Amino acid sequence: MKVKVIPVLEDNYMYLVIEEHTREAVAVDVAVPKRLLEIVGREGVSLTTVLTTHHHWDHARGNAELARLRPGLAVLGADERICALTRRLVHGEELRGMRCRWVAVACAWRAQLSKCIRAWSRPWKVFCGHEHTLGNLEFAQKVEPGNDHVRAKLSWAKKRDEDDMPTVPSTLGEELLYNPFLRVAEEPVCKFTGKAAPAEVLEALCRERASFERAAEPLQPQARALLALQWGP
């Protein structure tokens, strides 16, 4: 099995998961369907299924067009708001095939997610939906400034960014060493949030990450020009 990493839009990733023996493929988060079909054709595979992680337009907007171009295509996801959905998955449901397991996880379950992930296999590869690795690691460094794993991974990610190369995939084992959202029971992470219960630590991290992202966003010159046009010289 191989996974084709397909950068699209500003920082999104689509994926094409290919079973090399049967030449069947599953697409994940189809934002640009024609781009996906170009790669499907180049790889010479049969696209059977689309998996959509959530309903946001930059992950699901290509489903309707792809379903029109490929009648009979299965479109799976765990949210009824996903465009062109043919079957809704339920929390914890496993899809087996192509020598891998797909596990549906409801977003409302995130308070238990980090605990369950720690029980999963550490060699599992992790493919994210956006190229946010640099920002995530910079936040991780703020949470755990003394974590050598964070420092080393951040240095590596900066080099990948300079070379315009994807940072995916990582492995679950790696993520457990530097991803604060999977380290909610670790003393430095609890100290940073001022919380002790894992669910409360996770909620505090989410708030802090949102604030960190807002602080890092540059001012938009277009917005300033628009305000000048509307409100005066």
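S.K.: Could you clarify how one ought to interpret the overall build of the chain in this entry?
M.R.: Along the backbone of the chain there are ten helices and ten strands. Here the chain holds 233 residues, and the buried ones make up 35% of them. Taking as baseline every contact in the chain between residues at least 6 positions apart, the subset at least 24 positions apart corresponds to 49%. Accessible area of the chain: about 13700 Å², with a carbon and sulfur share of 54%.

S.K.: Which parts of the structure should I look at to understand the pattern of salt bridges?
M.R.: Side chains carrying opposite charge are able to pair once their charged atoms draw close together. A complete count under the given rule lists ten salt bridges for this structure. We note a salt bridge from Arg183 to Glu144, for which the minimum N-O separation is 2.8 Å. Linking Arg183 in the loop between helix H7 (172–178) and helix H8 (187–193) with Glu144 in the loop between helix H5 (133–143) and helix H6 (148–162), this pair joins segments that are 39 residues apart in sequence. Pair check on accessibility: Arg183 and Glu144 agree, each one buried. Among the charged side chains, a salt-bridge network with shared partners connects Lys2, Lys4 and Glu43.

S.K.: Help me out: how do you make sense of the packing of H5 against H6 in this one?
M.R.: Each pair of packed helices gets described by two things: the angle between the helix axes and the distance between those axes. Look at H5 against H6: their axes get within 9 Å of each other, and the N-to-C directions meet at 155°. Taken together, the axes of H5 and H6 lie roughly antiparallel to each other. Here H5 and H6 pass one another in a crossing that is left-handed. When H5 is examined against H6, the residues Thr133, Leu134, Leu137, Glu138, Ala140 and Gln141 are found in contact with a partner set consisting of Val150, Arg151, Lys153, Leu154, Ala157, Lys158 and Asp161. The class makeup of the residues in the contact of H5 with H6 is six nonpolar, two polar and five charged.

S.K.: Help me understand H6, please; the structure alone is not making it clear to me.
M.R.: An α-helical segment advances 3.6 residues per turn. Residues three or four places apart therefore align on the same side. Compared with the 21 Å implied by 1.5 Å per residue over 15 residues, the 21 Å span of H6 between its first and last C-alpha is a close match. Every buried residue of H6 is listed here: Val150, Lys153, Leu154 and Ala157. The buried side chains of H6 occupy one side of the element, clustering within an arc of 105° when seen end-on. Residues Asp148, Ala152 and Glu162 are exposed on H6 and point more than 90 degrees away from its buried face. The residue sitting at the N-terminus of H6 and contributing the capping side-chain oxygen is Asn147; that oxygen lies 2.8 Å from the backbone nitrogen of His149. Positioned one or two residues after H6, Asp164 has a phi angle of 55°, which is positive.

S.K.: When you look at H5 in this model, what are you seeing that I'm missing?
M.R.: Every buried residue of H5 is listed here: Thr133, Leu137, Phe139, Ala140 and Val143. Angularly, the buried residues of H5 cover 160° about the axis, an arc narrow enough to put them on a single face. Those residues of H5 that are buried lie in contact with H6, H7, H8 and helix H9 (198–216).

S.K.: What should I look at first to understand the pairing of strand S3 (residues 24–28) in this one?
M.R.: On any regular strand, side chains alternate: one points to one face of the sheet, the next to the other face. Taken across its five residues, S3 has four buried, putting it largely inside the fold. Pairing of strand S2 (residues 12–19) with S3 involves five bridges; the strand directions are antiparallel. Paired with Val17 across the two strands is Val26, which belongs to S3. Taking the residues between adjacent antiparallel strands as the criterion, S2 and S3 are bridged by four residues, where Arg23 takes a positive phi near 65°.

S.K.: What should I look at first to understand the environment of Val45 in this one?
M.R.: Mapped onto the elements of the fold, Val45 is located in the loop between helix H1 (33–43) and strand S4 (46–52). When the C-alpha positions of Val45 and Leu16 are compared, they lie 10.0 Å apart, and in sequence the two are 29 residues distant. Other than its neighbours up to four places away in sequence, Val45 contacts Leu16, Ile18, Arg23, Ala25 and Val40.

S.K.: Explain the packing of H5 against H9 to me, please; I cannot follow it from the model alone.
M.R.: Contact geometry for H5 and H9: axes closest at 11 Å, N-to-C directions at 120°. If you check the angle between H5 and H9, you find them oblique. Our pair here, H5 against H9, has a crossing hand that is right-handed. Contact residues: H5 offers Gly135, Asn136, Glu138, Phe139, Lys142 and Val143, while H9 offers Leu205, Glu208, Arg209 and Phe212. Of the residues belonging to the contact of H5 with H9, the class tally is four nonpolar, two polar and four charged.

Scoring rules and cut-offs
- Residues numbered from 1 in each chain as written.
- Predicted model: local features only at pLDDT ≥ 70, side-chain atom pairs only at ≥ 80, totals over all residues.
- Heavy atoms only, no water.
- Helix = DSSP H or I, 4+ residues; strand = E, 2+ residues; numbered from the N terminus.
- Buried < 20%, exposed > 50% of the residue type's maximum accessible area, 1.4 Å probe, protein only.
- Contact = heavy atoms within 4.5 Å.
- Areas by Shrake-Rupley, 256 points an atom, 1.4 Å probe, with all protein chains shown as cover.
- Salt bridge = Lys/Arg side-chain N within 4 Å of Asp/Glu carboxyl O.
- Axes fitted to C-alpha atoms, helices over the stretch in contact; angles between N-to-C directions.
- Parallel < 35°, antiparallel > 145°, perpendicular 65-115°, else oblique.
- Left-handed = near helix turned anticlockwise from the far one by under 90°.
- Nonpolar A, V, L, I, M, F, W, Y, C, P; charged D, E, K, R; others polar.
- Expected span 1.5 Å × (residues − 1).
- Arc of directions from axis to C-beta.
- Polar contact = N/O pair within 3.5 Å; in protein donor to acceptor, adjacent residues only side chain to side chain.
- Pairing = 2+ DSSP bridges.

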